Amino acid sequence: MVNMNGDTLKTAELQGKVVYVYFWSSWCNNCRKQSKRQIELYEKIRQINLRKKKEVVFIAVSLDDSERLWRIAVSQDDLHLPNNVCDTKGWKSPIADAFGLRKIPSNFIYDTQGKLVKRNVWGNQLDSLLVQRNSLVPN
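Draft legend 1. Representation of the sheet that holds strand E2 (residues 56–62). Read from one edge of the open sheet, five strands run E3-E2-E1-E4-E5, paired in mixed fashion. What marks the edges here is a single partner per strand, and that holds for strand E3 (84–86) and strand E5 (116–119). Neighbour to neighbour, the strand axes of the sheet diverge by 20 degrees on average, direction disregarded. Sheet topology note: the strand E1 (residues 18–24)/strand E4 (residues 106–110) ladder contains five bridges and is antiparallel. Across the sheet, residue Phe-23 finds its bridge partner in E4, namely Ser-106. Set on the sheet, helix H2 (residues 67–77) makes contact with E1, E2 and E3; between it and E3 the angle comes to about 160 degrees.

Draft legend 2. Examining the state of the cysteines more closely. Tallying each qualifying case throughout the model produces one disulfide. This cysteine, Cys-86, is not joined by any disulfide, and Cys-31 carries the nearest cysteine sulfur, 12 Å off. Take Cys-86: its relative accessible area is 8%, and that puts it in the buried class.

Draft legend 3. Geometry of the nonpolar core. Of all hydrophobic cores here, the largest spans 42 residues; its most connected members are Val-21, Phe-23, Trp-24, Ile-59 and Leu-130. For this core, the secondary structure elements donating two or more residues are E1, helix H1 (29–52), E2, H2, E3, E4 and helix H4 (123–132). Contacts of Trp-24, omitting those with residues within four sequence positions, involve Cys-31, Arg-32, Ala-60, Val-61, Ser-62, Leu-63, Trp-70, Ala-73, Val-74, Leu-79, Asn-84 and Ile-104.

Draft legend 4. Main features of the layout of surface pockets. Volume-wise, the largest pocket comes out at about 400 Å³. Going through the elements one at a time, E1 and E2 are the ones with two or more residues in the lining of the largest pocket. Approximately 170 Å³ is the volume attributed to the second largest pocket. In this structure, the second largest pocket is lined by 14 residues; those nearest its centre are Glu-55, Val-56, Val-57, Phe-58 and Asn-83. The set of elements that each furnish at least two residues to the lining of the second largest pocket consists of H1 and E2. The class makeup of the residues in the lining of the second largest pocket is eight nonpolar, two polar and four charged.

Draft legend 5. Up close: the packing of aromatic side chains. Tallied over the full model, the rule gives seven aromatic pairs. Taking the centre distance of 6.3 Å and the plane angle of 80 degrees together, the rings of Phe-99 and Tyr-110 count as edge-to-face. On the criterion of sequence distance, the pair formed by Phe-99 in the loop between helix H3 (94–98) and E4 and Tyr-110 in strand E4 is long-range, its members being eleven residues apart. In this pair, the class of Phe-99 matches that of Tyr-110, namely buried.

Draft legend 6. Main features of H2. Within H2 the residues assigned to the buried category are Trp-70, Ala-73, Val-74 and Asp-77. All buried residues of H2 lie within an arc of 100 degrees about the axis, which places them on one face of the element. In H2, the exposed residues that point more than 90 degrees away from the buried face are Arg-68, Ser-75 and Gln-76. Positive backbone phi, approximately 50 degrees, marks Asp-78, located one or two places after H2.

Criteria and thresholds
- Residues numbered from 1 in each chain as written.
- Predicted model: local features only at pLDDT ≥ 70, side-chain atom pairs only at ≥ 80, totals over all residues.
- Heavy atoms only, no water.
- Pairing = 2+ DSSP bridges.
- Helix = DSSP H or I, 4+ residues; strand = E, 2+ residues; numbered from the N terminus.
- Axes fitted to C-alpha atoms, helices over the stretch in contact; angles between N-to-C directions.
- Contact = heavy atoms within 4.5 Å.
- Disulfide = S-S within 2.5 Å.
- Buried < 20%, exposed > 50% of the residue type's maximum accessible area, 1.4 Å probe, protein only.
- Core = buried A, V, L, I, M, F, W, Y, C linked by side-chain atoms within 4.5 Å.
- 1 Å grid on protein atoms, 1.4 Å probe; cavity = no way out; pocket = protein on both sides within 12 Å on 5 of 7 lines; lining within 4 Å.
- Points joined across faces, edges and corners; volume = space filled by probe spheres on them.
- Nonpolar A, V, L, I, M, F, W, Y, C, P; charged D, E, K, R; others polar.
- Phe/Tyr/Trp six-rings, centres within 6.5 Å; stacked < 30°, edge-to-face > 60°.
- Arc of directions from axis to C-beta.

This is the structure in structure tokens:
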């Protein structure tokens, strides 16, 4: 998928990294409420990446069908993520189908081997998994 700068995110770039995928949309009120939390989590992860020279990749996938509304929501919510992507196909997006999405917000955590570890984990449990224990990040 293409990010806000027009760069394509390739799955080959994710190999050997912990990957956190967050699905949202501009029209989803609950998703918009989660935006602040997602940025806080991203900033914590970014600091761990810098300090420990490890990498957790954070990907926000919008299910918007309007690029304009997606960009407005990103700006309003300050959802400043390098891997913020949208293909403007909404629920008809192949990625929504590939992940078997039934609702948003949704999230998925993959380990360094590309194995799904957790789905739809939020709050302190998410923090614990990705930040505090840092158990999925390779040594």
